[in-house]
Structures are given as structure tokens and as C-alpha cells.
Amino acid sequence: MTLAVPTDDFDCQSCGACCSYSEDWPRFSLETDEELDLIPAEYVSADLGGMRCEDNRCSALDGKLGIHVGCRIYAVRPIVCRTCMPGDDECLMARHKLSQKVLL
Ligand code: SF4
Ligand code: SF4
């Protein structure tokens, strides 16, 4: 079976693994109220502490995992989304998890 997430490149627009990692991610951290107000309520979790997820997938993620994805709120995305960098430990962990899920 072909992996949904390629292991030899880190093209976020054909990945999306870190945006579909956990129902508890991403959470808000140091955003100001003004910054949070820019995120449409439909994408925010019921407890207002992070993004709303469906089956571990952030509701603001558009597209098909491993093929082509995009963030519907890219310009105003949470801080943790900005700090996750292609190839870092969190990225590798998310990609590994998604690959395992696809292989099951
Ligand atoms: S940071 Fe890593 S896991 Fe997240 S979309 Fe980019 S390549 Fe995928
Ligand atoms: S807000 Fe955007 S960048 Fe952050 S997890 Fe959701 S889809 Fe990904």
C-alpha cells in the first residue's frame, strides 16, 4: 500500500498530518482576545480552548490528507500551528502517526 504521507519531502500542502493529529490539537496558548476573535466560531471547540476537531482532524483543514490540503484560516491560525515546522520533531511524529493509521 502506498503511504499517504511521503517520507522524503516535507511539502505541507500535500501533507496535513499535523493538522489531523489529535482531537485535542491545536489548542490556543498566547493569542490575544483580538486574535482569537478573527477565527470563525464554527472552527472553534466547544470549550473555546482550541480548534474544533472531527476525528482528530482540525475542522479548518481543507482537502484530502496526503494529497492536497490547505488551512481555511491560514492568516489567523493559532500560534502552535505557526511554530510547527516541516521536519521538526512534532512534524515527524504527526507524519509517522498518519502513516501508521493509513497502513492499518
Ligand atoms: S509541518 Fe510536517 S506534518 Fe505538518 S503539514 Fe507540514 S510536512 Fe506535514
Ligand atoms: S488551524 Fe489550520 S494550520 Fe492549524 S491545525 Fe487547523 S488547519 Fe492546520
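Overview of the structure. Only a predicted model underlies this, so the values are computations on that prediction, with no experimental measurement involved.

The rules behind the values
Residues numbered from 1 in each chain as written. Chains lettered and ligands numbered in written order. Predicted model: local features only at pLDDT ≥ 70, side-chain atom pairs only at ≥ 80, totals over all residues. Heavy atoms only, no water. Helix = DSSP H or I, 4+ residues; strand = E, 2+ residues; numbered from the N terminus. Buried < 20%, exposed > 50% of the residue type's maximum accessible area, 1.4 Å probe, protein only. Contact = heavy atoms within 4.5 Å. Areas by Shrake-Rupley, 256 points an atom, 1.4 Å probe, with all protein chains shown as cover. Salt bridge = Lys/Arg side-chain N within 4 Å of Asp/Glu carboxyl O. Near = heavy atom within 4 Å. Nonpolar A, V, L, I, M, F, W, Y, C, P; charged D, E, K, R; others polar. 1 Å grid on protein atoms, 1.4 Å probe; cavity = no way out; pocket = protein on both sides within 12 Å on 5 of 7 lines; lining within 4 Å. Points joined across faces, edges and corners; volume = space filled by probe spheres on them. Core = buried A, V, L, I, M, F, W, Y, C linked by side-chain atoms within 4.5 Å. Pairing = 2+ DSSP bridges. Phe/Tyr/Trp six-rings, centres within 6.5 Å; stacked < 30°, edge-to-face > 60°. Lys NZ or Arg CZ within 6 Å of the ring centre and 35° of its normal.

### Some points on the overall build of the protein
In terms of regular secondary structure, the protein is built from three helices and four strands. Helices (α) and strands (β) of the protein occur, in sequence order from the N terminus, as α-β-β-β-β-α-α. A total of 104 residues make up the protein; the buried ones form 34% of that total. In the protein, of all internal contacts separated by at least 6 residues, the share reaching a separation of at least 24 is 60%. Here the protein has roughly 6600 Å² of accessible surface; of this, 56% comes from carbon and sulfur atoms.

### Things to note about the pattern of salt bridges
If you walk through the whole model with that rule in mind, you get three salt bridges. Glu54 is the salt-bridge partner of Arg52, the closest N and O atoms lying 2.5 Å from each other.

### Examining the site of ligand 2
In the neighbourhood of ligand 2, the contacting residues comprise Cys19, Trp25, Pro26, Met51, Cys58, Ala60, Leu61, Cys71, Ile73, Pro78 and Cys81. Taken together, the residues of the shell around ligand 2 break down into 11 nonpolar, no polar and no charged.

### Focus on the layout of surface pockets
Counted as a void, the largest pocket has a volume near 580 Å³. For the lining of the largest pocket, the secondary structure elements donating two or more residues are strand 4 (68-71), helix 2 (79-83) and helix 3 (89-103). A total of four residues in the lining of the largest pocket trace back to one element, the largest contributor, which is strand 4.

### Overview of the nonpolar core
If you look at the biggest cluster of nonpolar residues, it comprises eight residues: Phe28, Ile39, Tyr43, Val44, Met51, Cys58, Ala60 and Ile73. When sequence neighbours within four positions are dropped, the list of residues in contact with Ile39 reads Phe28, Val44, Met51, Ile73, Val76 and Pro78.

### Section: the pairing of strand 4
The sheet contact formed by strand 3 (residues 61-64) and strand 4 spans four bridges and is antiparallel. Note that in strand 4 the partner of Asp62 across the bridge is Gly70. Linking strand 3 to strand 4, which pair antiparallel, is a turn of three residues; within it Gly66 sits at a positive phi near 75 degrees.

### Points about the packing of aromatic side chains
One pass over the structure, following the stated rule, counts zero aromatic pairs. Directly above the aromatic system of Tyr74 lies the positively charged group of Arg77, at a separation of 3.8 Å from the ring centroid. Geometry around Tyr21 places Lys97 over its ring, the cationic atom sitting 4.7 Å from the centre.

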